[in-house]
Amino acid sequence: HGLVDLLMWRLVHNASTANSNGGSVLPDASKPWREACFRTAGSLINLAEKCPDVAIKLASNRKIIYVLLETWGGTNAITV
């Protein structure tokens, strides 16, 4: 789980809180680290699909959930 903790920390650290509800979203396209955040989120989604423990860990973090939903669905999860 050490890798998952590190990926979660980096994703939350680099995600922006640009929405009105204070939830994290992927950085906008002008940020050079958007692609890295997107790939990190995709990796976490893949890990969660394979390991129930990772899924539980991710599900307990609201900021991560918002970013993962945006990554998976291609839309800002807060506005849905």
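Residues numbered from 1 in each chain as written. Predicted model: local features only at pLDDT ≥ 70, side-chain atom pairs only at ≥ 80, totals over all residues. Heavy atoms only, no water.

### Concerning the environment of Ser 60
Within the element layout of this structure, Ser 60 appears in the loop between helix H3 (52–59) and helix H4 (62–73). Take Ser 60: its relative accessible area is 61%, and that puts it in the exposed class. Engagement of the side chain of Ser 60 in a polar contact is seen with the backbone oxygen of Lys 57, the distance being 2.7 Å. (Helix = DSSP H or I, 4+ residues; strand = E, 2+ residues; numbered from the N terminus. Buried < 20%, exposed > 50% of the residue type's maximum accessible area, 1.4 Å probe, protein only. Polar contact = N/O pair within 3.5 Å; in protein donor to acceptor, adjacent residues only side chain to side chain.)

### Remarks on the packing of helix H1 (residues 2–14) against H3
Packing of H1 against H3 brings their axes to within 11 Å, and their N-to-C directions diverge by 30 degrees. Taken together, the axes of H1 and H3 lie roughly parallel to each other. The element H1 and its partner H3 pack so that their crossing is right-handed. Where H1 abuts H3, its residues Val 4, Asp 5 and Met 8 lie against Val 54, Lys 57 and Leu 58. Grouping the constituent residues of the contact of H1 with H3 by class yields four nonpolar, no polar and two charged. (Axes fitted to C-alpha atoms, helices over the stretch in contact; angles between N-to-C directions. Parallel < 35°, antiparallel > 145°, perpendicular 65-115°, else oblique. Left-handed = near helix turned anticlockwise from the far one by under 90°. Contact = heavy atoms within 4.5 Å. Nonpolar A, V, L, I, M, F, W, Y, C, P; charged D, E, K, R; others polar.)

### A few points about the environment of Ala 36
Looking at the secondary structure, you find Ala 36 in helix H2 (residues 34–50). Of the residues examined, Ala 36 reaches a relative accessible area of 43% and is grouped as partly exposed. Between the C-alpha atoms of Ala 36 and Asn 14, which are 22 residues apart in sequence, the distance is 9.3 Å.

### A closer look at H1
The first and last C-alpha atoms of H1 sit 18 Å apart over 13 residues, in line with the 18 Å expected at 1.5 Å per residue. Within H1 the residues assigned to the buried category are Val 4, Leu 7, Met 8 and Leu 11. One side of H1 holds all its buried residues, which, seen down the axis, span an arc of 100 degrees. Opposite the packed face of H1, turned more than 90 degrees from it, sit the exposed residues Gly 2 and His 13. (Expected span 1.5 Å × (residues − 1). Arc of directions from axis to C-beta.)

### Describing the packing of H1 against H2
As a packed pair, H1 and H2 sit with axes 10 Å apart at the nearest point and diverge in direction by 145 degrees. Considering how the two elements wind past one another, H1 and H2 form a crossing that is left-handed. Across the interface between the two elements, Val 4, Leu 7, Met 8, Leu 11 and Asn 14 of H1 pack against Cys 37, Thr 40, Ala 41, Leu 44 and Leu 47 of H2. Considered class by class, the residues forming the contact of H1 with H2 number eight nonpolar, two polar and no charged.

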